[in-house]
Amino acid sequence: MSREYNQNTISGDFEFEALRQAVNYQILLTQELGKFVRGRTLEIGAGVGQMTVRLRDLPGVQFFQSVEPEPVFCQQFRQTLPEQPLIQGTIHDVPGDDWDAIVSINVLEHIEHDREELALAHALLTRKHGVLALFVPARPELYAPIDRDFGHYRRYTRTEAVSKLAGAGFKIEKIRYFDFAGYFAWLICCRLLGQRSFNPALVRWFDRLIFPPENFIETKICAPPFGKNLLIMARDG
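Predicted, not measured: the structure shown is a model, and the values here were computed from it. (Residues numbered from 1 in each chain as written. Predicted model: local features only at pLDDT ≥ 70, side-chain atom pairs only at ≥ 80, totals over all residues. Heavy atoms only, no water.)

Draft legend 1. Representation of empty space enclosed by the protein in the model. The full count for this structure, using the stated rule, is two cavities of 30 Å³ or more. If you add up the space inside the largest cavity, you get close to 70 Å³. Breaking the lining of the largest cavity down by element, the ones donating at least two residues are strand S4 (101-105), helix H5 (114-125) and strand S5 (131-137). If you tally residues by element for the lining of the largest cavity, the top one is H5, at three residues. Considered class by class, the residues forming the lining of the largest cavity number nine nonpolar, one polar and one charged. (1 Å grid on protein atoms, 1.4 Å probe; cavity = no way out; pocket = protein on both sides within 12 Å on 5 of 7 lines; lining within 4 Å. Points joined across faces, edges and corners; volume = space filled by probe spheres on them. Helix = DSSP H or I, 4+ residues; strand = E, 2+ residues; numbered from the N terminus. Nonpolar A, V, L, I, M, F, W, Y, C, P; charged D, E, K, R; others polar.)

Draft legend 2. Structural context of unusual backbone geometry. Unlike most non-glycine residues, Asn106 shows phi in positive territory, near 55°. When you line up the elements, Asn106 lands in the loop between S4 and H5. Phi is positive for Arg139, close to 70°, though the residue is something other than glycine. Relative to the helices and strands, Arg139 resides in the loop between S5 and helix H6 (145-150). What makes Arg139 partly exposed here is its relative accessible area of 23%. (Buried < 20%, exposed > 50% of the residue type's maximum accessible area, 1.4 Å probe, protein only.)

Draft legend 3. Main features of helix H4 (residues 71-80). Inspection of H4 places Phe73, Cys74 and Phe77 among the buried residues, and these make up the whole buried set. One side of H4 carries all its buried residues, which in axial view fall inside an arc of 100°. (Arc of directions from axis to C-beta.)

Draft legend 4. How the structure looks around the sheet that holds strand S6 (residues 170-178). Ordered in space as S3-S2-S1-S4-S5-S7-S6, the seven strands form an open sheet in which the pairing is mixed. Either end of the sheet is taken by a strand with one partner, and the two such strands are strand S3 (86-88) and S6. Averaged over all neighbouring strand pairs, the angle between strand axes comes to 15°, with direction disregarded. With four bridges connecting them, strand S1 (residues 39-44) and S4 associate as parallel partners. Bridge pairing links Thr41 to Ala101 in S4. (Pairing = 2+ DSSP bridges. Axes fitted to C-alpha atoms, helices over the stretch in contact; angles between N-to-C directions.)

Draft legend 5. Summary view of the pairing of S1. Burial analysis of S1 places five of its six residues in the buried class, the great majority of the element. Sheet topology places S1 next to strand S2 (residues 61-68); six bridges connect them, and they run parallel. Within S2, the residue paired with Thr41 across the bridge is Phe64.

These figures capture arrangement, not role.
Following this line, the structure appears as structure tokens:
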């Protein structure tokens, strides 16, 4: 098994500038994660720290450890967040088994042998019966050239995600689709039109229009019947 993410990624950081514009999206995702994440928390695949600055400040978090395998990202991370604990490596390089929570956002799809990754996460959480907060791209029919550019091996179905988590020893506590409107945007722009990059201005417009925190239908009313991503909370079974 490779100890790194998918090496077929064309450019590891070409999406970061656009994602910086998705402020409301990040806030709302953090709020969802904050309902479960607490105690000693491990962030797998921290990138340059865009979500780190939000996750580490969740009220239930007591200690926050970031992990990132890409040396260039680690360099940027340390420049931006010099005080934040960071391991340059993968989940293989994490010491101990006393973690209360693991956060994995847009990481598992980059790993060819994802069942082994989930088994390793389970081993780190077993002693404290901790929670795995998992956020992955969903709906295989959306898989597009830009997914390959990102280094995605797959987009998940609910059935596949549940099966693989159960096989690793996890019990699902919550599973729901996330980003209903994004499903259609991705389908049209990326799947049908073959778009292979993000326009930061359009990302910012979409973020402010679809994800206003004071009126977000997905969290205030009900979970959507499908969406661009899956948000899963799973605990040691």
